[in-house]
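Breakdown of the fold
The primary structure of each chain is shown beneath.
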Amino acid sequence: IVFLDAHCEVNFKWLEPLLYRIKQDPKNTVWPVIDVIGLYDFKYNPINGSEMTGGMDLGNMNFIYEVIPRDVFKTVKYPLDPIPSPIMPGGLFAIDKKWFTESGVYDLGMGYWGAENLEMSVRLWK
């Protein structure tokens, strides 16, 4: 299953690497590098995904990007290798349908927008 918020645009060949990681291990939950399109000028700004990962702002309970500690790169052989991330974005990710169901799907009682990714990240973290 692929979740993609309506405001997202995808780049060329973005899906194949995600599906490959799920095929390797059906319990992988994966998402693409999230590039930025300028709010005022619509300029495309690619993000170097090998330097940033998802994190959580505990004060506001929001998804944020954080710089990956340098020691994590010792385990990465190739630029496209996955980087572990404790918190996933809620609006764009791919997951095996069976694993999504087994892990509890979206929490239908979640009343606060933006917290679904935090709750799901905690459940899925291996």
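No experiment lies behind these values; they were computed from the predicted model shown.

By the definition in use, this model includes 5 aromatic pairs. Judged by centre distance (6.3 Å) and plane angle (70°), the ring pair of Phe93 and Tyr106 falls under edge-to-face. You can see Phe93 sitting in strand 7 (residues 92-95) and its partner Tyr106 sitting in the loop between helix 2 (97-102) and helix 3 (116-124), a full 13 residues away along the chain. A relative accessible area of 1% places Phe93 in the buried class. Residue Tyr106 is classed as partly exposed on the basis of its relative accessible area of 25%. Each ring, one from Phe100 and one from Tyr106, has its centre 5.9 Å from the other, and the planes form 80°; the classification is edge-to-face. In this structure Phe100 comes out as buried when scored by relative accessible area, which is 8%. Grouping aromatic residues by their ring pairs yields a cluster made of Phe3, Phe93, Phe100 and Tyr106.

Turning our attention to the side chain of Thr29. Topologically, Thr29 is positioned in strand 2 (residues 29-30). The exposure class of Thr29 is buried, given its relative accessible area of 16%. Discounting chain neighbours no more than four positions away, the residues touching Thr29 are Met88, Phe93, Ala94, Ile95, Trp99 and Leu124.

What counts as what
By convention here, each chain's residues receive numbers from 1 onward along its written sequence. Local features in a predicted model are, by the rule used here, given only for residues with pLDDT of at least 70; side-chain atom pairs are given and counted only at 80 or more, and totals for whole chains, interfaces and linings are based on all residues. Side-chain descriptors were evaluated using all non-hydrogen atoms of the structure, hydrogens and water having been removed beforehand. Aromatic pairing here means that ring centres of Phe, Tyr or Trp (its six-membered ring) are within 6.5 Å. Orientation follows from the plane angle: under 30 degrees is stacked, over 60 is edge-to-face, and everything else is tilted. Put simply, DSSP marks the helices as runs of H or I at least four residues long and the strands as runs of E at least two long, and each gets a number from the N terminus on. Burial classification: accessible surface area is computed with a 1.4 Å probe over protein chains only, and a residue below 20% of its type maximum counts as buried, one above 50% as exposed, and the rest as partly exposed. Residues count as neighbours in contact if any of their non-hydrogen atoms are within 4.5 Å of one another.

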